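Breakdown of the fold
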Amino acid sequence: MVEQIAVLSPGVWNLKDMVRELTGYEPVRWTPLFPKPEFGCVVGWGLKPTSRKARRLARKSDTTYVAMEDGFIRSLLPGPQETPVSLIVDRSGVYYDALGGSDLEGLIFESASWRDKKLLCRAREGMRLLRENKISKYNHAPCLTPEEMGLATAPERRRVLVVDQTYGDSSVDYGLAEPESFTSMLESAIRENPGAEIIVKVHPEVVSGRKKGYLARLGLNDERVKVVGIDVNPWSLIEIVDKVYVVTSQLGFEAMLAGRDVVCFGAPFYAGWGLTDDRVTVFRRKMASPTREQIFAAVYFNYCHYVHPVSKCKVDFEEAVEWLVARRRESLGKSFSGSRAG
């Protein structure tokens, strides 16, 4: 008999087919309106406040709490209306928790010893696929030229990118950061890069009006700072800057993969391994020094799981990228260009 996994959240229940495919357990709904089912573990959405009941149930039942989260290449559009093409399943924590650790942190430790040439070649090709196809977590925003973003065409000075995030983002609290980290980040970017053009990127969900950000409250009226408040594919920015400042944003990871200098004012999963300039230290991570290819393989090949949104069957990383590219082409057509920026 297949073991059952309890689902408390309506949002997770909407993804029950993916839960079944990725965990191997049969999802059962736990709700006060029905008799309580038998189960062997409990699934919830990461460490978000909405998962508190699920985590409490797991503790009371002395069973495993399985954390699910969106993967690092999620969908065309942000928001719950779009079925994710990738999810993470973590049984020891969640990737953005720098205090408690996670399955991903364990994988990155292991990856530092991976020497398989085929695997590392696949990782290099995977990095190329993301960069050339301009694939990120969300993939609806257009690629724009510097002029279209209100920037100089070919500046004589360096460009530095400062990345805002959505207010209350769990990765900020669990990433050993706080709202003041964003203030320190912006001040440091200006101070440490005299003469550079400082670009502040607003988060896509702040642009859409769904959420608030951290940096907008600072005014951002410094003449050295240019705010990009329009929705733009993150690769359009990565390709034209020399250095990137983040707190815990995924954009910092993508910039690191592209070979940019990345400064972290929090402790995201990719910080602490010797590949970023870290202003917050996670001492246990100093025990391993993985390469970019090794971290990429750990994150995209081992930690993330991919399910075709239509067939509900597992696919690999490359097939997921191919599906997203096709979905974007079908939905956006010529309004999206993957080769204009840079």
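Above this text you will find the structure in question.
All values derive from a computational prediction rather than experimental measurement. (Residues numbered from 1 in each chain as written. Predicted model: local features only at pLDDT ≥ 70, side-chain atom pairs only at ≥ 80, totals over all residues. Heavy atoms only, no water.)

To continue, consider the layout of surface pockets. Here the second largest pocket is characterised by a volume of approximately 180 Å³. Looking at the second largest pocket, it is lined by 13 residues, and the ones nearest its centre are L8, S9, P10, T50 and K53. Mapped by element, the contributors of at least two residues to the lining of the second largest pocket are β3 (41-45) and α3 (52-61). A per-class count over the lining of the second largest pocket returns six nonpolar, five polar and two charged. (1 Å grid on protein atoms, 1.4 Å probe; cavity = no way out; pocket = protein on both sides within 12 Å on 5 of 7 lines; lining within 4 Å. Points joined across faces, edges and corners; volume = space filled by probe spheres on them. Helix = DSSP H or I, 4+ residues; strand = E, 2+ residues; numbered from the N terminus. Nonpolar A, V, L, I, M, F, W, Y, C, P; charged D, E, K, R; others polar.)

To continue, consider the pattern of salt bridges. For the coordinates displayed, the defined rule picks out 16 salt bridges. With its nearest N and O atoms 3.0 Å apart, the salt bridge here joins D17 to R20. In this pair, D17 and R20 both sit in helix α2 (residues 16-23), three residues apart, roughly one turn of the helix. Each of R131, K134, E239 and R260 takes part in salt bridges that share partners, so that together they form one network. (Salt bridge = Lys/Arg side-chain N within 4 Å of Asp/Glu carboxyl O.)

With that out of the way, let us pick up the packing of helix α4 (residues 103-111) against helix α11 (residues 292-303). The interhelical angle for the contact between α4 and α11, taken along N-to-C directions, is 135°, at an axis separation of 9 Å. Here α4 is positioned oblique relative to α11, judged by the angle of their axes. Between α4 and α11 lies a crossing whose hand is right-handed. Contacts from D103, L104, L107, I108 and S111 in α4 reach Q294, I295, A298, V299, N302 and Y303 in α11. (Axes fitted to C-alpha atoms, helices over the stretch in contact; angles between N-to-C directions. Parallel < 35°, antiparallel > 145°, perpendicular 65-115°, else oblique. Left-handed = near helix turned anticlockwise from the far one by under 90°. Contact = heavy atoms within 4.5 Å.)

Before going further, it helps to spend a moment on empty space enclosed by the protein. Over the atoms a probe the size of a water molecule is rolled, and this reveals where empty space is left. Counted under the stated rule, the structure contains one cavity of 30 Å³ or more. In this model, the largest cavity occupies a volume close to 30 Å³. Lining the largest cavity are Y95, D97, S102, E105, I108, F269, W273 and R285. Taken together, the residues that form the lining of the largest cavity break down as four nonpolar, one polar and three charged.

Here we have seven strands laid out as an open sheet, ordered β2-β1-β3-β4-β5-β12-β13, and mixed in their pairing. At either margin of the open sheet sits one strand with a lone partner, and together these are β2 (26-29) and β13 (314-315). With four bridges connecting them, strand β4 (residues 64-70) and strand β5 (residues 86-90) associate as antiparallel partners. Counterpart to A67 in the pairing with β5 is D90. Taken strand by strand, α3 contacts β1 (4-7), β3 and β4, and its axis lies near 160° from that of β3. Helix-sheet contacts for α11 involve β5 and β12 (304-307), and the interaxial angle to β12 is about 40°. (Pairing = 2+ DSSP bridges.)

Of all five residues in strand β7 (residues 197-201), five are buried; the element is thus mostly enclosed. On β7, burial covers both faces: E197, I199 and K201 on one face and I198 and V200 on the other are all buried. As paired elements, strand β6 (residues 159-163) and β7 share five bridges and run parallel to each other. If you follow V162 over to β7, its bridge partner there is V200. Sheet topology places β7 next to strand β8 (residues 225-228); four bridges connect them, and they run parallel. Across the sheet, residue V200 finds its bridge partner in β8, namely V227. (Buried < 20%, exposed > 50% of the residue type's maximum accessible area, 1.4 Å probe, protein only.)

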